[in-house]
Amino acid sequence: MKPVRRETLAVLVAEEIRRDIMHGHFKVGEKLPPENELARQLGVGRPTVREALRILEGEKIIRFEFGEGAYVMGNKKYTGKEVAFFRKEEMLELLQYELKQLEEEGKDVTDSVREEFHKLRKSGTLEEIEEFYNSLADLGERSDFTYYEPSCWEEIQKEKNRELGQEFKVANIDTLKDRIEGAWLGRCIGCLLGKPVEGWSREEIEEYLKATDSYPLKDYFIYAPEKIAEGRHTFHPSAIEATRGNISCMPRDDDIDYTILNLKIVQENGLNFSSEDVGEAWLSHLPYNMVYTAERQAYANLVRGLKPPLTATYWNPFREWIGAQIRADVFGYLTPGNPELAASLAYQDASLSHTKNGIYGEIFVASVISAALVSDNLNEVLKAGLSQIPANSRISKLVKEVMSWSEESNNWLEVWEMVENHYGEYHGVHTLPNLAYVLIALLQGEMDFRKTVAIAVMCGKDTDCNGATAGSIIGALLGKEAIPRDMVAPLNDLVKSAVFGYCQVRISDLVQATIEALQKNFLMQ
């Protein structure tokens with residue numbers, strides 16, 4: 001199942017479950033997962049799942065057994081027409097995102113193209129929809145789009161901000177271990193801090209924090225759903241295990257899954273791994289229902305037999321969203337003081353599922369972390385990230401703007417407003433606005449761990465991702481000893497994961513494995 005956007009609520013949740021039944025993921029007579037598990041998988045609240053199940057019960061697709069749960073009924077036969085309907089709805093939804101993506105990357109999406117799409121929504125066949133999708137490859141560039149954003153490694157190398165590059169000295173192994181441990185802990189703590197309010201706006205977060213007498217954010221969220229104003233986002237389904245007094249570990253989250261999996265990829269392949277190696281690792285170690293948006297589409301393309309980089313583009317309108325950026329960290333951990341090598345590793349990972357600024361987001365973060373492990377200067381570290389991405393790209397412009405705005409104002413809310421004015425039209429899971437929030441946190445956090453991760457989360461949108469990335473970078477800059485003990489202690493040195501073979505692992509073991517991989521693949525070279 002794929003996570004359902006919260007605004008779609010019960011009808012689309014029911015459609016998603018219905019689709020899984022139709023495709024045989026749940027067999028006749030099989031019991032569906034409990035409501036709380038469905039809520040977790042679909043990214044909605046239990047009341048929404050409950051309402052969706054009642055819809056399916058009314059359609060005689062499922063039946064309820066008293067005290068036991070919901071079972072798939074055997075008397076519902078899906079016709080070819082119904083199967084085509086569900087496939088059509090899915091394709092049209094992807095097409096809607098595709099048109100927006102094409103416009104954002106500078107394509108000339110004309111009124112006639114939009115009119116044709118609206119006609120397809122009303123009466124198009126599957127073949128006509130596929131033909132329309134293929135025709136979009138011929139769209140020209142808009143004359144007002146002045147950026148140059150290649151997705152090929154050789155072109156990225158030609159276009160990067162080379163003049164900002166600098167050399168770094170590698171620290172001794174004890175210092176590196178302290179900083180790598182700080183980065184791992186920072187990633188877990190930042191992710192955990194933002195997990196309950198994933199998808200919330202800045203205003204919603206501020207409103208809730210004030211209602212619980214905890215604004216500005218300084219500690220994990222208080223679990224008080226009754227304090228959420230009517231009509232606002234509800235807590236993320238995993239909120240209880242990620243709130244103050246209820247935390248016993250770092251709960252499973254895709255932001256941590258990929259950090260663990262990418263460490264495993266390097267352990268097995270060294271630093272010369274390919275995008276195809278990454279794809280193999282996904283298929284072997286990640287459940288399909290635990291990957292989302294761009295990763296979900298790339299995963300499906302791998303199953304179809306496609307190879308990178310086509311896996312990143314075929315029916316994948318999420319190719320500039322945040323998914324690659326959250327996979328960057330290990331490539332920085334393993335290349336201290338060598339942002340260029342970090343960038344090349346990040347590229348191999350990102351190009352499996354992303355293009356353009358989706359790729360650059362991962363390159364930037366990996367390069368920044370690489371520099372942060374051996375530097376104490378934040379601006380120097382951010383310039384190291386800038387040095388590895390194309391100079392005339394939207395993301396390069398964004399980084400420079402946020403750095404400039406933060407020099408003009410020491411009020412993070414004022415800088416947030418500037419970002420909102422310039423980048424607020426992008427989707428809440430897009431790389432650009434979320435990277436901006438990470439930068440605001442770093443630049444306005446005064447080199448204080450607690451303040452930095454708190455600002456990253458209070459900015460809103462993809463709060464667990466941004467908290468994790470900001471936490472990882474500031475943790476790498478400051479080291480373990482600078483992280484408040486009251487934020488570390490609830491983790492109990494334990495993280496849960498969806499990665500096969502790593503369902504429960506100690507953070508200290510991940511740190512040690514990172515150090516060993518670093519010594520084997522980097523320091524000994």
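Overview of the structure.

Calculation criteria
- Residues numbered from 1 in each chain as written.
- Predicted model: local features only at pLDDT ≥ 70, side-chain atom pairs only at ≥ 80, totals over all residues.
- Heavy atoms only, no water.
- Core = buried A, V, L, I, M, F, W, Y, C linked by side-chain atoms within 4.5 Å.
- Buried < 20%, exposed > 50% of the residue type's maximum accessible area, 1.4 Å probe, protein only.
- Contact = heavy atoms within 4.5 Å.
- Helix = DSSP H or I, 4+ residues; strand = E, 2+ residues; numbered from the N terminus.
- Expected span 1.5 Å × (residues − 1).
- Arc of directions from axis to C-beta.
- Polar contact = N/O pair within 3.5 Å; in protein donor to acceptor, adjacent residues only side chain to side chain.
- Axes fitted to C-alpha atoms, helices over the stretch in contact; angles between N-to-C directions.
- Parallel < 35°, antiparallel > 145°, perpendicular 65-115°, else oblique.
- Left-handed = near helix turned anticlockwise from the far one by under 90°.
- 1 Å grid on protein atoms, 1.4 Å probe; cavity = no way out; pocket = protein on both sides within 12 Å on 5 of 7 lines; lining within 4 Å.
- Points joined across faces, edges and corners; volume = space filled by probe spheres on them.
- Nonpolar A, V, L, I, M, F, W, Y, C, P; charged D, E, K, R; others polar.

1. Overview of the nonpolar core
Moving on, step 1. Trp-184, Trp-282, Ile-363, Phe-364, Val-402 and Ile-440 are the most contacted members of the largest nonpolar core, which has 128 residues in total.
Moving on, step 2. Once you skip the residues sitting within four places of it in the chain, Trp-282 turns out to touch Tyr-258, Leu-261, Glu-295, Ala-298, Tyr-299, Leu-302, Arg-327, Leu-352 and Ser-353.
Moving on, step 3. If you look at the next biggest cluster of nonpolar residues, it comprises 20 residues, including Phe-132, Leu-136, Ala-294 and Trp-321.

2. A few points about helix 18 (residues 412-423)
Moving on, step 1. Across its 12 residues, helix 18 extends 16 Å between first and last C-alpha, which sits within 8% of the 16 Å expected from 1.5 Å per residue.
Moving on, step 2. Those residues of helix 18 not exposed but buried are Trp-412, Val-415, Trp-416, Val-419 and Tyr-423. Down the axis of helix 18, the sector holding all buried residues measures 105°, keeping them to one side.
Moving on, step 3. Where helix 18 is buried, its residues meet helix 9 (202-211), helix 17 (394-408), helix 19 (431-444) and helix 20 (449-458).
Moving on, step 4. Regarding helix 18, its N-cap is Asn-411, as a side-chain oxygen of that residue lies 2.8 Å from the backbone nitrogen of Leu-413 further along.

3. Comments concerning the packing of helix 16 (residues 378-386) against helix 19
Each pair of packed helices gets described by two things: the angle between the helix axes and the distance between those axes.
Moving on, step 1. Relative orientation of the contacting elements helix 16 and helix 19 amounts to 155°, with a least axis distance of 11 Å. By the angle class used here, helix 16 and helix 19 are roughly antiparallel. Every pair of crossing elements has a handedness; the one defined by helix 16 and helix 19 is left-handed. In this structure, helix 16 contributes Leu-378, Asn-379 and Leu-382 to the contact, and helix 19 contributes Leu-439, Leu-442 and Leu-443.

4. Some words on empty space enclosed by the protein
Moving on, step 1. Here the structure, examined in full by the defined rule, presents 1 cavity of 30 Å³ or more.
Moving on, step 2. The space that makes up the largest cavity amounts to roughly 50 Å³.
Moving on, step 3. Looking at the largest cavity, the residues that line it are Tyr-97, Lys-100, Gln-101, Glu-104, Pro-317, Trp-321, His-427 and His-430.
Moving on, step 4. The class makeup of the residues in the lining of the largest cavity is 3 nonpolar, 3 polar and 2 charged.

5. Details of the environment of Glu-206
Moving on, step 1. If you trace the backbone, Glu-206 turns up in helix 9.
Moving on, step 2. The buried category is assigned to Glu-206, whose relative accessible area is 18%.
Moving on, step 3. Polar contacts involving the side chain of Glu-206 include one to the side chain of Lys-210, which spans 2.6 Å.

6. Points about the environment of Ser-248
Moving on, step 1. Examined against the element boundaries, Ser-248 turns out to sit in the loop between helix 9 and helix 10 (254-269).
Moving on, step 2. For Ser-248, a relative accessible area of 45% gives the class partly exposed.
Moving on, step 3. Taking the C-alpha atoms as reference points, Ser-248 and Tyr-333, separated by 85 residues in sequence, lie 26 Å from one another.
Moving on, step 4. Beyond its immediate chain neighbours, meaning those up to four positions away, Ser-248 contacts Pro-490, Leu-491 and Asn-492.

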